[in-house]
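Observations on chain architecture
One letter stands for each residue in the lines below.
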Amino acid sequence: MMMKNPETVSIEKVGAVAFVVVNNPPVNALSQAVRAGLLNAANALAADDEIKAIVIACAGRTFIAGADIREFGKPAVEPHLPNVIDQIEAMDKPVIAAIHGTALGGGFEVAIGCHYRIAERGAKVGLPEVNLGLIPGAGGCHRLPRLIGVEAAIDMIAGGAPVGADEALQMGAVDEIADGDLRVAANAFALRLIEEGATVRRTSEETTRISQVAPDVFERARAKFRKAKRGQMAPLRGIHAVEAGVRLPADEAQSACRDTFLQLRASRQSQALRHVFFAEREALKIPGLERAGEPAEINRAGVVGAGAMGAGIAMCFASAGVPVTLLDTSQENVVRGLSIIEKNYASSVAKKKMSDEKAKASLDLIKGATDYNALEGADIVVEAIYEDLELKKSVFKKLDEVCRPHAILATNTSYLDVNAIADATERRDKVLGLHFFNPAHVMKLLEIVRTERTSEETLNTALLLAKRLRKTSVVAGVCFGFIGNRMLNAYRTEALRLALEGAPIAAVDDAMFEFGMPMGPFALMDLTGLEVNVKMRAQTAPGDVEQATFAVVDRLYEAGRTGQRSGAGFYKYEEGSRAPVSDQTVDQWIAEEAEKQDVERRSDIGAEEIVERCMLTLANEGARILEEGVAIRSGDIDLAYIAGYGFPRHEGGPMFWAEQEGLDVVQDRLNHYHERFNLARWRPSDLIKRAAAAKTSLNDALSHQ
């Protein structure tokens, strides 16, 4: 017999067992239709005397993978998930969740609201709501600790990482692993429960795992996650909800948890994190690519330049299973590059980020060479030599001669003209920028730079390659610095200007660290090396950089103070330490440069002004990048700054920040600083002015220009 909700939920009876099957592709999200279907099925089966046990399962490739976040921000529609799960838990017949793929968020809350759980060995379960600035809102905060204990539940709820089926079994989150067909195993499990006369086990009534909680467990957890999730509200609120969940009756705990969930859902942090979630998916949608032909197959790769960057890029290919040849001009350089790779893999193994077997297999895919002919079989070659336009053009000319006609040629340049590099070849349609960030095997961002001639097929291939390399990709047009480094230049310019005006460099760094950046702009320059900035500015066009503002950087460089590696830059560094130590010599040099440039000095520059000025300059430059068509949409800029520069994800990116502040407010503040300093970079971009006047978003204003 089949009773069916035509959209999402069906009931199939197999003797005394009923299978309730959710079918809401692609990931069986808990839409209103799914919630209603589950509730209707529970009510129908509760009254069916022929049915002695119930299995909740899902069609397709996964169990319920979470809420339908498209419903967030809209009026709530009944039935609400907590009520659905409460009804399932209240059933007097055993209800079993049959888990395959992923049971995440509300999906896992449905599972732990069931009386029993069976999972495929490859399944994963978790409560990742914290990654969207939320906590579980449908009972997870009081049910999970009753299943697996308080500390393990806090780690899952405040940490947000899923666990595999084997670990879930050990923890007590699932009862059995199915090695064969899940449906067959779930049916056998249900029949066994019927035969044994097993009673229902309501998770909310379990007390064994929460009866003796260490008195300091919650404070230790708060200290741990204040550090691990710096600046984020949801992890700490999740810990509080778990504490309420084990100390209050279940109904009171659920009510308090739901209130917290709704408060967080309306918060700016959650809106920011959801913005980033959607931006990651939007970034892959490139206008025109729907007409692109089939992407090229990438079976072999080459990398030119065996320095730290080239070695890291070679690792990206090898770790993705792509054989790669690492080429340099001398055997000594090649050996050094291979040594860097060996050390990096050894480090990954030591930190348990990679198995020894995986590291060895990846290492076996990397070969060294000094002859360009070794690259003739490559489907893609990435050039990663130092930033010299003429040298790069000569490399591309050689690659064009050696590589097969279909091979893609990519440059890792971080700011040079990719159009000019492409012009050195006879295959301009197959040339583009692949800007990896250092260290390439660790950093997530990959800027894909499309030239005037890059074909849609080449761009499509690059996007799919980025996914294969497990990178966050953003497509950019050609300009000085593309998206990320062009904005970084604006950010550093304002930081230096603040220092010239009298803000101590440590105060600037501290303000941006407290905002959420992994480090301040001066500490970052010391980390990457001041020589990088000096050499970059030597190749810029007039007007691209306020050279006078960077005079103190040149002075430090000329004095041999190039950053951490030399033991001194903006800060001093004790031998063997990366901890920055303020240096009065630098303060004096900055004051002298300010006097030369007739910059008025102040002693009252506070953290609020520092953050405002740095953020405004980022947002204004980002708006200009949008105007010029260098970036496709504002979310791409946000994504680039989060994945490449450590911008706090829970702040949503610089463009999201500007829209949340109010574009009319941003325009007013830009005008204020423009009048005060009379510097062109403070003039509000036309896009911000249009969006502010129309009271619309940057993307909407862009689409109507």
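Further up the page is the structure itself.
The structure reproduced in this document is the subject of the present report. (Residues numbered from 1 in each chain as written. Predicted model: local features only at pLDDT ≥ 70, side-chain atom pairs only at ≥ 80, totals over all residues. Heavy atoms only, no water.)

Our next topic: the overall build of the protein chain. Of the regular secondary structure elements, the protein chain holds 29 helices and 18 strands. Since a compact globule built from 705 residues should have a radius of gyration of about 27 Å, the 28 Å found for the protein chain is in line with a globular shape. Projected onto its principal axes, the C-alpha coordinates of the protein chain cover approximately 90 × 60 × 55 Å. Taking all 705 residues of the protein chain together, the buried fraction comes to 56%. Long-range pairs, those at least 24 residues apart, make up 72% of the contacts in the protein chain between residues at least 6 apart in sequence. For the protein chain, the exposed area adds up to about 30100 Å²; of that, 50% sits on carbon and sulfur atoms. For the protein chain, the centre of its 82 positive side-chain charges and the centre of its 97 negative side-chain charges are spaced 2 Å apart. (Helix = DSSP H or I, 4+ residues; strand = E, 2+ residues; numbered from the N terminus. Rg over C-alpha atoms; globule rule 2.2 N^0.38 Å. Buried < 20%, exposed > 50% of the residue type's maximum accessible area, 1.4 Å probe, protein only. Contact = heavy atoms within 4.5 Å. Areas by Shrake-Rupley, 256 points an atom, 1.4 Å probe, with all protein chains shown as cover. Lys, Arg positive; Asp, Glu negative; His and termini not counted. Charge placed at Lys NZ, Arg CZ, Asp CG, Glu CD.)

A full pass over the atoms with the stated rule returns 10 aromatic pairs. Considering the side-chain rings of Tyr415 and Phe480, the 6.0 Å spacing of their centres and the 55° angle between planes classify their relative orientation as tilted. Here Tyr415 is found in the loop between strand S15 (408–411) and helix H16 (418–422), whereas its partner Phe480 is found in the loop between strand S18 (472–476) and helix H18 (484–501), with 65 residues between them in sequence. The pair formed by Tyr415 and Phe480 is uniform in burial state, with each residue classed as buried. Pairing Tyr641 with Phe647 gives two aromatic rings, centres 6.4 Å apart and planes at 75°, and the pair type is edge-to-face. (Phe/Tyr/Trp six-rings, centres within 6.5 Å; stacked < 30°, edge-to-face > 60°.)

Moving on, we come to a positive patch on the surface. A contiguous patch of positive charge on the surface is contributed by Lys124, Lys358, Lys444 and Arg470. Its place among the elements puts Lys358 in helix H14 (residues 356–364). Judged by relative accessible area, Lys358 falls into the partly exposed class, the value being 34%. (Patch = residues over 30% accessible without salt bridge, like charges linked within 9 Å, V, L, I, M, F, W, Y side chains within 5 Å. Salt bridge = Lys/Arg side-chain N within 4 Å of Asp/Glu carboxyl O.)

Looking now at unusual backbone geometry. A cis amide bond links Pro25 with the next residue in sequence, Pro26, at an omega value of 5°. The topology assignment puts Pro26 in the loop between strand S3 (17–22) and helix H1 (32–46). Residue Pro439 is reached from Asn438 by a cis peptide bond, and omega for that bond is -5°. When you line up the elements, Pro439 lands in the loop between strand S16 (431–436) and strand S17 (445–449). In this model, Lys352 sits at a positive phi of 60°, which is unusual for a non-glycine residue. The topology assignment puts Lys352 in the loop between helix H13 (331–350) and H14.

This next bit is on the nonpolar core. Core analysis: the biggest nonpolar cluster contains 86 residues, and Ile483, Phe522, Phe570 and Tyr641 have the highest contact counts within it. With 10 residues, the top contributor of residues to this core is helix H24 (residues 607–627). For Phe522, the contacting residues outside a window of four places in its chain are Ala495, Leu496, Ala499, Ile505, Val508, Asp509, Phe570 and Tyr571. Grouped together as the second largest cluster of nonpolar side chains are 72 residues, Ile85, Val150, Ala173 and Phe261 included. (Core = buried A, V, L, I, M, F, W, Y, C linked by side-chain atoms within 4.5 Å.)

To continue, consider the packing of helix H21 (residues 530–538) against helix H22 (residues 551–558). Two quantities define a packed helix pair, namely the angle between the helix axes and the distance between the axes. The geometry of H21 relative to H22 is characterised by a closest axis approach of 10 Å and an angle of 120° between their N-to-C directions. Here H21 lies oblique to H22, going by the angle between them. Helix-helix and strand crossings are classified by hand; for H21 and H22 the assignment is left-handed. Here Leu530, Glu531, Asn533, Val534, Lys535 and Arg537 of H21 come into contact with H22, specifically with Val553, Asp554, Leu556 and Tyr557. Looking at the contact of H21 with H22 residue by residue, the class counts come to 5 nonpolar, 1 polar and 4 charged. (Axes fitted to C-alpha atoms, helices over the stretch in contact; angles between N-to-C directions. Parallel < 35°, antiparallel > 145°, perpendicular 65-115°, else oblique. Left-handed = near helix turned anticlockwise from the far one by under 90°. Nonpolar A, V, L, I, M, F, W, Y, C, P; charged D, E, K, R; others polar.)

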